[in-house]
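# Architecture and fold: a report
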Amino acid sequence: MLVEVIDTIALLIEVLGVVVIVGGFAITSWRFLHHGMFHDQRAFMHYRHGIARSLILGLDFLIAGDVIKTVIISNTGQQVATLGLIVLIRAFLGFTLHVEVEGHWPWQDSRYKEAKDSDRGDDHG
């Protein structure tokens, strides 16, 4: 009984992750299409960043659901190893998406990007 409840909770968390990814993609796409300036580089970058943010958040939910299912419900060695591989792949995706959105590694201060932009003479304001 308890295992079924936990399995249902894990499934709901995973479904929420999928909803976040699909919903974020839909909302971001609608905003981009509504903007109407398809050749505007800044609008395109906002579009890419919006999709990346949706993916990052959705991946967090998907990882949480996988962890709950694997650790609590079926914790065989092979499934834990598979979960570890999935978490590594998703963590790599999360890091690369973070760099795409923020312009710097997660462990670097945001001032790193600002200093780099000012060295190039970029002005985003």
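In case you missed it, the structure is sitting above this.
## Concerning the pattern of salt bridges
All chains considered together, the criterion is met by one salt bridge. Glu 14 is paired through a salt bridge with Lys 69; the nearest N and O atoms lie 3.0 Å apart. You can see Glu 14 sitting in helix H1 (residues 2–35) and its partner Lys 69 sitting in helix H2 (residues 41–73), a full 55 residues away along the chain.

## Some remarks on a nonpolar patch on the surface
A cluster of nonpolar side chains, namely Met 1, Leu 2, Val 5 and Ile 9, defines an oily patch on the protein surface of about 440 Å² accessible area. Tracing the chain through its elements places Ile 9 in helix H1. Classification of Ile 9 as partly exposed rests on a relative accessible area of 42%.

## Focus: the nonpolar core
Of all hydrophobic cores here, the largest spans five residues; its members are Ala 52, Leu 59, Leu 62, Leu 97 and Val 101. Sort the elements by how many residues they give to this core and H2 lands first, with three residues. Sequence-distant contacts of Leu 62, that is, excluding residues within four places in its chain, are made with Glu 14, Gly 17, Val 18, Ile 21 and Arg 90.

## Re the packing of H2 against helix H3 (residues 77–102)
Where H2 meets H3, the closest approach of the two axes is 9 Å, and the angle between their N-to-C directions is 160°. In terms of axis orientation, H2 runs roughly antiparallel to H3. Here H2 runs over H3; the crossing is left-handed.

Rules used throughout
- Numbering of residues begins from 1 in every chain and follows the order in which that chain's sequence is written.
- In view of the model being predicted, local features appear only for residues whose pLDDT reaches at least 70, and side-chain atom pairs are presented and counted only at 80 or more, with totals across whole chains, interfaces and linings using the full set of residues.
- To get the side-chain values, all heavy atoms of the structure are used, and hydrogens and water are removed first.
- Salt-bridge detection follows one rule: a side-chain nitrogen of Lys or Arg within 4 Å of a carboxyl oxygen of Asp or Glu.
- The helix count covers DSSP runs of H or I at least four residues long, the strand count covers runs of E at least two residues long, and both are numbered beginning at the N terminus.
- Patch criteria: residues need more than 30% relative accessible area and no salt bridge. Like-charged residues are merged within 9 Å; nonpolar side chains of Val, Leu, Ile, Met, Phe, Trp and Tyr are merged within 5 Å.
- The protein chains shown are the only cover counted for residues, whose accessible areas, like all others here, come from Shrake-Rupley with a 1.4 Å probe.
- Each residue's exposure class comes from its accessible area (1.4 Å probe, protein chains only) as a fraction of the maximum for that residue type: buried when under 20%, exposed when over 50%, partly exposed otherwise.
- Here, the term nonpolar core denotes a set of buried Ala, Val, Leu, Ile, Met, Phe, Trp, Tyr and Cys residues that are joined through side-chain atoms within 4.5 Å.
- Note on contacts: a residue pair is in contact if any heavy atoms of the two residues lie within 4.5 Å.
- Helix axes use the C-alpha atoms of the stretch in contact, all axes being lines fitted to C-alpha atoms, and the angles between their N-to-C directions lie in the range 0 to 180 degrees.
- For classification, angles of less than 35 degrees are called roughly parallel, those exceeding 145 degrees roughly antiparallel, those between 65 and 115 degrees roughly perpendicular, and all remaining angles oblique.
- Crossing handedness is defined as follows: a turn of the near helix away from the far one that is anticlockwise and smaller than a right angle gives a left-handed crossing, while the clockwise case is right-handed.

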